[in-house]
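# Observations on chain architecture
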Amino acid sequence: MSEKNNLSPIEKIKVASKGLRGTLKESLLDEHTGAIREPDEALVKFHGMYQQDDRDRREERETKKLERLYSFMIRLRLPGGFLTPERWLAIHHVAGEHSTGVIKITTRQTIQLHGILKSHVKPTIKAFNDVSLDSIAACGDVNRVVTCNALPSQSHLHPQIHAYADKISQLLLPKTKAYYEIWLDEELVAEKADETDALYRDRYLPRKFKIGIAIPPNNDADVLINDIGLIAIVENNELKGFNIAVGGGLSFTHGNESTYPRLATVIGFTDTEEKTLKTIYEIVTIQRDFGNRSDRKQARLKYTLDKMGVEAFKAELDKRTGFKPEEPKPFAFSQRKDEYGWTKSADGLWHYTAFVENGRVTDDANAATKTGFYEIAKTSKANFRFTCNQNVIVADVIEEDKAEIDALLTQFGIKQFTGSSSAVRLNTVACVAFNTCGLALAEAQRYLPTLITKIEPILNKYGLGDEDVIIRMTGCPNGCGRSTAAEIGFIGTAYGLYNLHIGGDRLGLRLNKKYKENLDEANILSTVDELFKVFAAEKNTGETFGDFSYRKWIQNN
Amino acid sequence: MLAEPKLKIILDLVQSSTKEELIWMNGYISGLINNGKNQEQIVPASPSSAVKKITIAYGTETGNSKKVATEFAVKAKKKGIVAKLVSLDQYKLNDLSKEEYFFTVISTQGEGEPPVGAKKFYEHIHNNGFKVSQMKYGVLALGDTSYPLYCKAGEDVDIQLDKLGGQRIVPLQKCDVDFEQDADAWFDHVLKSLNESAVVAPAVKIQPAVETKKAAGKKYYNGTIITNVNLNDRGSNKQTYHVEVTADEPIEYEPGDALALIPFNKIAVVKEIIALTGVDPALELETAKAKGTVEELLTKNINICYLLSSVIKKYAAITGHQIPDARLDLIELVKKYPVKDTSQFVEVLKSLTPIAPRLYSISSSPNAHSGEVHITVSLNRFLVNNEERLGLCSEFIGGLPVDNNFTFYIHKNRNFRLPAPEKDIIMIGPGTGIAPMRSFLAERDATGASGRNWLFFGEQHFVADFLYQTEIQNWLSTGVLTELSLAFSRDQQEKIYVQHKMKKEAAELFNWIEAGASIYISGTKDPMSKDVENTLLEIIQEQGNKSADEANAYLKKLKDEGRYEKDVY
């Protein structure tokens, strides 16, 4: 339609925002509402926040003539998902004082806090700033949190490669100082000229932008779901460079055929840091200049790439970088899951990967995870690292301290919960969905644990209890929980109903496909029962559920 | 039939007139004939729309419909149209058949559904069995073309209102995610058609407001509760009930009046008293004020709670017990100091005082909430002998479900009245003091009063205790409220009350007063109204460069002019 040639409303808001300032300061002063002004809702994302409301409470509050129970979700910018114990303590206190209390580990290795009332936002940001943490560009049409394999013991080159996450984050950070002015009451020291942003200019990107790094043979960072995926190429114990993949992204819209999930396409190899960073930068500028700015459902890099064609895209990239990348190097992944328990890295440090179901750090019937991590942080003898599977690594523990940390993990039930959870549960991922996510059509993190409890006996019945089947659930098709990149994906369509996707591979190299629509719980369980029954009876030796279900039900249909 | 000179005048007039003017004259003359009234009622044509009152209802999920509807209301008000802006989740479904100009802005969710808050409305219009024959309507549908059932909810509303007998005066407009331009154009179309449809029937109903003569004596109404909601959210220390009441006959009241409610005693307690004393519940009895069976009198007429010490003295005299001076309930008395026999108890009954009516400031407006009267009742908690007790009346009304009946009368409050429509008002009404202010605001909104309105409201917590928040927000966004100052005492370390907000706005507040604004205070007498009054005096002193005596005289003058009125308790 003709409107599609126009800029989307968000584009207009960005341009008019005076460096992402909008009327945020005024919004914070509006006493009559817990919400911010509408254009500011788009802008606040660039500052790492979403305005949300408690969807469980909407109808009840409506009858009470009260507005929706608005609050804010704040997401930290933690490239590569790393925190010192001091920072963990700070977050622990902020969560208790200003948010729901739950510390949520996201699928992009960072932390977000929910339920922060408007009047508590500034104190929260201030408390983060006091320990040099920020939420700049954690959401919005910019480069988001850069992800990377989390576990140091996976490669002796981990520190070197992991450092790229921070470098890339810095390279692509917006230049505006609005964050400091609005949330930290800093004087407008910088003249407007100092904020000139050669990369983002005044319109930023057409849509969110994600970058991830993988160190083969592990793909726990799910690297190909990113707009840019970097695959580290290691030869003779040396980092040779990175394969560059572009155009990944999982979000789509139910009923909208022109939207689709897509894995990134590997387009080349760069051998030096300078070339790698230059390539990344110019991929971003291509997206900036060629991305669709009228239809946000067609705005991700994957659509830009498919519209241009891979060859034309590469040609444009070469023109911008001034060099041609080399042919991609061969690489192979062997797993995508987290290595739970203690592992030791080449530098002699110990790391304990703890299972945190759906990333919710809290004290519950399973384990006193929140108190446990708090006590561990108080010893100052471990760092905290987060995985893209929403788990926490109590990391960088020296040999002498290992027993003490181990005792704490045991004391608070963290070790027991990690050790006793089933293979299928340990491989789950779920997004937040209800009650705070405005996009959710169905439950995810509040429901998946109970659904798994009902799936476990089915797996056991067919002798599949040790299978590492990757099950992921999202409350909508936007894919925060990467449900289309799972062996079994549940994607919410309406409250209590899910589309069932199967046929994705175990390593994150093939997406799944829709198998059944709008299943309620009874239908989910009967369908899953049937699938596992056939799988147990007919699978080849060593064949994963993902590969089997693809061959059996998806490939030829 | 007309003589030559008259015929010439009319032909000249007809030839020189536009079509609209002719339609207007047609309607005007037929109005004259029907009314049999004389020319006083001619209203000169103004550039503003002739339709004076419309309703704009919105069903929203993401807030877009609300935003659009609010913009429309503001636009309409600028044209001199009284636009009632209402969210469909708050909309009284029974009002539909009374609507004359009804415009809906509604979005569509997922599989072609209406927003959650609009579901009841949506289902209601799909149930036949009623007509909206006087309704002229239009629908603006918001949606997203990337969904297959684009704007389905809006389409359905448009079709259903037609089926129910409504007259569509503007075609359905569907809007995609970039709705601004289409929505604006549609509403311009609405405004234009309002102008046109209005001239069809100018038979001006404008009649001088007849001062209804108040009947001598109290008029008792049999009230029926149609809505009863606790406005405070979970986690609040308060329970404030918003109670909507209808009666068998039209309720006559004005903004500022109070509703006098006679609560019933708790049946369980009454039964226990009857059992303890052995009195025959069916025994016919006559007290000073009422007549009926013992059970009826105990339930509806006689006060049995928290008896006055004079009443307890009488009880002691009748029963011969030694009773220390304290205030007790009748049930406690008959337990601790039993009556000798039933005839002694009958004597006690005759000595008891009647249940006193409780006065509640009315929170509705006769023009905005036709046929209804609303009250705002805070559950009254107090300590007796270190035990928490609930006020009989507030507990009675708070616990009374929809469809229950009770007796009430209107208590006139001539010392709490709105000024002329063009005058400004300053309303200071924290807590349930909001009640008459809501009445004032709704009245001024419904009648299109041009004076400015400033509300000071306060409570404990923003999240849980902001009484009538969504209504107040609507008045703010449509400009009915010029200024809004809020004080939530317990959301921060230091306590902030309305008087602190007044101090903060001292200069502007004094400007308003100097410019002729009237000041209203409602809520608790002590300490609120006193603190507020002292603050007012301080502001007058400081801003007006006056001595303490001069400030007192200034405030007294306002009082004498009817510009400083209080409804405190």
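Thresholds applied
- Residues numbered from 1 in each chain as written.
- Chains lettered and ligands numbered in written order.
- Predicted model: local features only at pLDDT ≥ 70, side-chain atom pairs only at ≥ 80, totals over all residues.
- Helix = DSSP H or I, 4+ residues; strand = E, 2+ residues; numbered from the N terminus.
- Rg over C-alpha atoms; globule rule 2.2 N^0.38 Å.
- Buried ≥ 20, exposed ≤ 12 C-beta atoms within 10 Å, placed from the backbone.
- Core = buried A, V, L, I, M, F, W, Y, C linked by C-beta atoms within 7 Å.
- Contact = placed C-beta atoms within 7 Å.
- Pairing = 2+ DSSP bridges.
- Axes fitted to C-alpha atoms, helices over the stretch in contact; angles between N-to-C directions.
- Parallel < 35°, antiparallel > 145°, perpendicular 65-115°, else oblique.
- Left-handed = near helix turned anticlockwise from the far one by under 90°.
- Nonpolar A, V, L, I, M, F, W, Y, C, P; charged D, E, K, R; others polar.
- Expected span 1.5 Å × (residues − 1).
- Arc of directions from axis to C-beta.

## Considerations on the overall build of chain A
A tally of regular secondary structure across chain A gives 18 helices and 20 strands. Expected size for 557 residues packed as a compact globule is a radius of gyration near 24 Å; at 23 Å, chain A falls within 12% of this value. Counting only C-alpha atoms and orienting by the principal axes, one finds that chain A spans roughly 65 × 55 × 55 Å. Sorting the 557 residues of chain A into buried and exposed places 52% on the buried side.

## Structural notes on the nonpolar core
Counting residues in each nonpolar core, the largest one holds 148 residues, and the members touching the most others are A:Ile213, A:Ala232, A:Val246, A:Val392 and A:Val394. Beyond its immediate stretch of four places on either side in the chain, A:Val246 contacts A:Asp227, A:Ile228, A:Ala264, A:Thr265, A:Ile267, A:Ile283, A:Leu301 and A:Leu305. Within the second largest apolar cluster, 89 residues are counted, among which are B:Leu330, B:Val480, B:Ile519 and B:Leu536.

## Some points on the sheet that holds strand β10 (residues 265-270) of chain A
Strand pairing within a sheet occurs via backbone hydrogen bonds; the two strands may be parallel or antiparallel. Strand order in the open sheet formed by five strands is β6-β7-β8-β9-β10 (chain A), and the pairing between neighbours is mixed. Every interior strand has two partners, whereas the edge strands, β6 (147-148) and β10 of chain A, have only one.

## Overview of the packing of helix α12 (residues 369-379) of chain A against helix α13 (residues 402-411) of chain A
Residues and elements named next belong to chain A. Where α12 contacts α13, the axes come no closer than 9 Å and their chain directions differ by 160°. Classified by the interaxial angle, the pair formed by α12 and α13 is roughly antiparallel. The two elements α12 and α13 meet at a crossing, and its hand is right-handed. Judged by residue contacts, Gly372, Glu375, Ile376 and Thr379 of α12 engage Glu404, Ile405, Leu408 and Leu409 from α13.

## Brief notes about the environment of A:Arg87
Residue and element names in this part refer to chain A. Along the chain, Arg87 turns up in helix α5 (residues 85-98). Separated by 44 residues in sequence, Arg87 and Val131 have C-alpha atoms that sit 6.2 Å apart. Not counting chain neighbours up to four residues away, the residues in contact with Arg87 comprise Val131 and Leu133.

## Overview of the sheet that holds strand β17 (residues 471-474) of chain A
Residues and elements named next belong to chain A. The strand order across the open sheet formed by five strands is β16-β17-β18-β19-β20, and the pairing between neighbours is mixed. Pairing within the sheet leaves two strands with one partner each, and these edge strands are β16 (429-430) and β20 (513-519). Bridge count for strand β18 (residues 488-494) against strand β19 (residues 497-502) is six bridges, and the pairing is antiparallel. Bridging from a neighbouring strand, Ile488 pairs with Ile502 of β19.

## Here's the deal with the interface of chain A and chain B
Each partner contributes to the interface: chain A provides 28 residues, whereas chain B provides 29 residues. The element contributing the most residues to the side of chain A that touches chain B is helix α4 (residues 58-63) of chain A, with five residues. Looking at the side of chain A that touches chain B residue by residue, the classes come out as seven nonpolar, 10 polar and 11 charged.

## Considerations on the pairing of strand β9 (residues 238-246) of chain A
Residue and element names in this part refer to chain A. Strand direction decides the pairing type here: strand β8 (residues 228-235) and β9, joined by eight bridges, are antiparallel. Across the sheet, Ile233 pairs through a bridge with Gly241, a residue of β9. Two successive antiparallel strands, β8 and β9, enclose a turn made up of two residues, where Asn236 displays a positive phi of approximately 50°. Direction of pairing for β9 relative to β10: antiparallel, over a ladder of five bridges. What sits directly across from Val246, in β10, is Thr265.

## Re helix α7 (residues 158-171) of chain A
Residues and elements named next belong to chain A. The terminal C-alpha atoms of α7, which comprises 14 residues, lie 20 Å apart, in line with the 20 Å expected from a rise of 1.5 Å per residue. Within the span of α7, buried status applies to His158, Ile161, His162, Tyr164, Ala165, Ile168 and Ser169. Projected down its long axis, α7 shows its buried positions confined to an angular sector of 130°, all on one face. Residues Pro159 and Gln170 are exposed on α7 and point more than 90 degrees away from its buried face. Considering only its buried residues, α7 is in contact with β6, β7 (211-214), β8, β9 and α9 (273-290).

## Structural notes on the environment of B:Leu392
All names here are of chain B. Note on placement: Leu392 falls in helix α12 (residues 392-398). Along the chain, Leu392 and Lys266 lie 126 residues apart, while their C-alpha atoms are 8.6 Å from each other. Beyond its immediate sequence surroundings of up to four residues, Leu392 is in contact with Pro263 and Cys305.

## Digging into the pairing of strand β2 (residues 70-75) of chain A
Residues and elements named next belong to chain A. With respect to burial, β2 is a largely interior element, five of its six residues being buried. As paired strands, strand β1 (residues 49-53) and β2 are joined by five bridges and run antiparallel to one another. Residue pairing across strands places Gln51 opposite Phe72, the latter belonging to β2. Sheet topology places β2 next to strand β5 (residues 111-116); three bridges connect them, and they run antiparallel. Directly across from Ile74, in β5, lies its bridge partner Leu113.

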